[in-house]
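Secondary and tertiary structure notes
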Amino acid sequence: MIHHKDFFIVLIRLFLGYIFLSSGLCKLTNGHFGQIIGPPLFEAMLAKYGLALFARIVATLQVVCGILLLSQRFSTIGAIMLVPMNLSILAVTISLDWQGTPYVNGFFTLLNVLLLIYDWHKLKILVNPKLASSVKPTVIDAHTYNIYNIAGVVFAAVAIIASRYDIIFTNAFAIAAFVCFGYAIIQVKAVTKMQAIIVALVMLNMIMITLAGRFGLMVQKLVLYNTLVVLLLISLSFIKRLNPVDKPAVT
């Protein structure tokens, strides 16, 4: 069974992965891709200063970080790459005195640090190579090395290319990637039914947020309701773990 600590890390990866993938694709499509954080017209803003290419590279790297985190398989690399990204965004928002935004980015940075702490058993060999022999895969690592993760990475990479040409294809390939990344987790035998439902709802929210700009307020309401359901299920899952029901004795 996937323990709650490991599953919580999976949820953080999914959350940060979608945040940065959607933010990057939104910038690459000039605001037409569903997103949570901005600014959506980043390239147009910097183009006035001759920095359009720089803006495009930043947006692409945001998508790459998101893909790596969503994949689970390459999430450690994504968490490392996300550190300078998060710190740079945090520094910019503080320097420009944006109200409230630094707290949001600070929260993202904190989640990023939690991912690195969780993966310390892998990262420690960068400090001391002699510890390489002691590194063992986590439960997540052992069960998420499958073809669905690779398919998700491929679909998401195609979405980056499509973002320069057509928003419909961008959405289609991004949604295909979300489905693959979600199924890569759900199909693991060690995942409980409750955990599978939570992951399915998270992926459904990703799809609906992606399509929210095209279908309006109703989708936004559905996202809110599903988010509340996810939080409720997570709470129930932890309560059940803390207060297990005793099985009746076999006579």
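The coordinates are above.
Residues numbered from 1 in each chain as written. Predicted model: local features only at pLDDT ≥ 70, side-chain atom pairs only at ≥ 80, totals over all residues. Heavy atoms only, no water.

**Considerations on helix α1 (residues 4-28)**
The line we're drawing: By the criteria applied, helices consist of DSSP H or I runs no shorter than four residues and strands consist of E runs no shorter than two, each listed in order from the N terminus. In this scheme, a helix's expected span is set at 1.5 Å multiplied by one less than its residue total. Only protein chains enter the calculation, and the probe is 1.4 Å; a residue is then buried if its accessible area is under 20% of its type maximum, exposed if over 50%, and partly exposed in between.
If you check α1, its first and last C-alpha atoms are 36 Å apart, about what 25 residues at 1.5 Å a residue would give, namely 36 Å. Within α1, 22 of the 25 residues are buried, leaving the element largely enclosed by the surrounding structure. Directly beyond the C-terminal end of α1, a positive phi value near 55° is found at Asn-30.

**A short note on the side chain of Arg-13**
Filter applied, for reference: Residues are treated as being in contact if the distance between any of their heavy atoms lies within 4.5 Å.
Relative to the helices and strands, Arg-13 resides in helix α1. Setting aside residues up to four positions removed in sequence, Arg-13 forms contacts with Leu-69, Leu-70, Gln-72, Ser-75, Leu-115, Tyr-118, Asp-119 and Ile-140.

**Looking at the environment of Leu-46**
Relative to the helices and strands, Leu-46 is located in helix α2 (residues 42-47). For the pair Leu-46 and Arg-56, spaced ten residues apart in sequence, the C-alpha separation works out to 9.8 Å. Residues within four places of Leu-46 in sequence aside, it is in contact with Leu-51, Ala-52, Phe-54 and Ala-55.

**A closer look at the packing of aromatic side chains**
Spelled out, the test is: The pairing test for Phe, Tyr and Trp rings, Trp by its six-membered ring, is centres within 6.5 Å, and the orientation test on the planes gives stacked under 30 degrees, edge-to-face over 60, and tilted for anything in between.
The final tally for this structure, using the stated rule, is six aromatic pairs. Where Phe-107 meets Phe-108, the ring centres are 6.3 Å apart and the plane angle is 45°; that geometry is what we call tilted. Relative accessible area serves as the criterion here: at 4%, Phe-108 is assigned to the buried category. Between the aromatic rings of Tyr-148 and Tyr-183, the centroid separation amounts to 4.8 Å while the plane-to-plane angle is 85°, which identifies the pairing as edge-to-face. One end of the pair, Tyr-148, is in helix α8 (residues 147-162); the other, Tyr-183, is in helix α9 (residues 167-186), with 35 residues separating them in the sequence. Note on Tyr-148: relative accessible area 32%, which makes it partly exposed. Linked through ring pairs, Phe-15, Phe-20, Phe-107 and Phe-108 together constitute an aromatic cluster.

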